[in-house]
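Structural overview
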Amino acid sequence: ANDPHAGSTAEASRDHVISLNPESGVIFVAGGKWTTYRDMAQDAVDKVIEMRDDLQASAGPCITLHTPLTGADGYHRGLTRQLIQDHRVSKTVSDHLVATYGVNAMKVLELGDLMRETSVSNDNPRWHGSHKRLHPDFPYLDVEVTYAMLHEYAVTAV
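Given the structure is predicted, the values throughout are model-derived calculations rather than measurements.

What counts as what
- Residues numbered from 1 in each chain as written.
- Predicted model: local features only at pLDDT ≥ 70, side-chain atom pairs only at ≥ 80, totals over all residues.
- Heavy atoms only, no water.
- Helix = DSSP H or I, 4+ residues; strand = E, 2+ residues; numbered from the N terminus.
- Buried < 20%, exposed > 50% of the residue type's maximum accessible area, 1.4 Å probe, protein only.
- Salt bridge = Lys/Arg side-chain N within 4 Å of Asp/Glu carboxyl O.
- Patch = residues over 30% accessible without salt bridge, like charges linked within 9 Å, V, L, I, M, F, W, Y side chains within 5 Å.
- Areas by Shrake-Rupley, 256 points an atom, 1.4 Å probe, with all protein chains shown as cover.
- pLDDT = per-residue confidence, 0-100.
- Contact = heavy atoms within 4.5 Å.

Examining the environment of V45
Examined against the element boundaries, V45 turns out to sit in helix α1 (residues 37-51). Look at V45 and you get partly exposed, because its relative accessible area is 35%. Along the backbone, V45 and P61 are 16 residues apart, and their C-alpha atoms lie at a distance of 7.7 Å.

Right, dumping it as structure tokens:
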């Protein structure tokens, strides 16, 4: 539900509605903001369980709000500094990787190390990756594209 009188998206309503289409039986989510997606997911799962008698006996309430996000397990406050020291990346790049991947930022940079070693030893231009920025003004690395393809099921640009 978006307030048409809100001056910015930050002022937009974060409320969402979980609704059941009585004809199709489809449960859908309307409204909300990306920053509250876990709350919306919990409400949607709980609604499905509420509507399905066969699930009520076997499923408990949704636990998404208590489940750590990927990359959270093992996170520590010194991770940014550790990436800088271990992989010689800038603070800007390290901050970006930690914010995006959490502890999996190490895996991203380790993949870049492996790609660099592979391209040097095999003289393979396809695996040119390393810790090179995609654009000098932004912290995104070329290895992030490969990481997304291998670990996040990103296959095409569109």
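Considering the pattern of salt bridges
Once their charged atoms are close, side chains differing in charge can pair, the charge on each being opposite to the other. For the coordinates displayed, the defined rule picks out three salt bridges. In this structure, K47 engages E50 in a salt bridge whose closest nitrogen and oxygen atoms are separated by 3.7 Å. One end of the pair is K47 and the other is E50, both in helix α1 and three residues apart, which spans about a single turn. The shortest N-O distance in the salt bridge between D54 and R52 comes to 2.6 Å. Take D54: its relative accessible area is 48%, and that puts it in the partly exposed class.

Description of a nonpolar patch on the surface
Together, L134, F138, Y140, V145, M149 and L150 make up a nonpolar patch on the protein surface, roughly 590 Å² of accessible area in all. Among the secondary structure elements, L150 is positioned in helix α6 (residues 142-151).

As for the confidence of the model for the protein
A residue-level look at the protein finds 82% of positions with pLDDT of 70 or above and a mean pLDDT of 82. Confidence, expressed as mean pLDDT per element, reaches its minimum in the protein at helix α5 (residues 105-122) with 81 and its maximum at helix α4 (residues 91-101) with 96. Considering only residues more than four positions removed or in separate chains, one finds that residues 1-7, a stretch of pLDDT under 50, has nine contacts.

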